[in-house]
Amino acid sequence: MLFRSNGSIDRAFGHEGVVYIPAAVPYQSERGVSLAREPDGTIVLAATKPSGPEEWHAAVWGFAADGQPDQSFGNDGVAALEPSEPGTQTEQVAIASDSSGNVYLLGKQSADRYSRGSFVAALSPSGKLDSGFGENGIVSFSTATLGALGVDPAGRVVLAGVRGERGEE
């Protein structure tokens, strides 16, 4: 939903002020939704979307400033972050963007209900993984549980979280 500064719904945005993302699997909804506004007014929304009865993957949707899907972002408006290891799932934690329109997604990985750590993915303004960031656009942290993401004015990615499985340190 988009609200004006006076608290009223901006009905010119999306469909009567609301934008819905279609469910990837019937009767299963996306979870862990967060969003960022790009310098040009476009919106990126991150969520964990179901890809099967027991499978989840982090994804980022791109929207124009008026709430219409941006079909040029990712693949038909969606950039899915599917893990490279079979049986591993990814979940969205946070999203941020920099002044150039690059998008950073903080997520966590798990397999068999056990944590496999956190990751940061860098996407270009077109929703493609940035091969100049980390390893093919992703930096993984196997011993850290990260929960916050930001980008400072110099374009540096800032992360916060805990190290160790029980939150030590």
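Residues numbered from 1 in each chain as written. Predicted model: local features only at pLDDT ≥ 70, side-chain atom pairs only at ≥ 80, totals over all residues. Heavy atoms only, no water.

A count of helical and extended segments in the protein gives zero helices and ten strands. Listing the helices and strands of the protein from first to last along the sequence gives β-β-β-β-β-β-β-β-β-β. The burial tally for the protein puts 42% of its 169 residues in the buried class. Accessible area for the protein stands at about 9,800 Å²; split by element, carbon and sulfur atoms hold 50% of it. (Helix = DSSP H or I, 4+ residues; strand = E, 2+ residues; numbered from the N terminus. Buried < 20%, exposed > 50% of the residue type's maximum accessible area, 1.4 Å probe, protein only. Areas by Shrake-Rupley, 256 points an atom, 1.4 Å probe, with all protein chains shown as cover.)

Turning our eyes to something else, we now look at the sheet that holds strand β7 (residues 114–123). In spatial order, the strands read β5-β6-β7-β8; together these four strands make up an open sheet with antiparallel pairing. Each having just a single partner strand, β5 (88–97) and β8 (138–141) make up the two edges of the open sheet. Adjacent strand axes in the sheet meet at a mean angle of 20°, parallel and antiparallel pairs treated alike. Bridging between β5 and strand β6 (residues 103–111) involves nine bridges; their strand directions are antiparallel. Across the sheet, residue Thr90 finds its bridge partner in β6, namely Gln109. (Pairing = 2+ DSSP bridges. Axes fitted to C-alpha atoms, helices over the stretch in contact; angles between N-to-C directions.)

Here the focus is the pattern of salt bridges. Taken as a whole and assessed by the stated rule, the structure comprises two salt bridges. Residue Asp10 is joined to Arg4 by a salt bridge in which the shortest nitrogen-to-oxygen separation is 3.7 Å. (Salt bridge = Lys/Arg side-chain N within 4 Å of Asp/Glu carboxyl O.)

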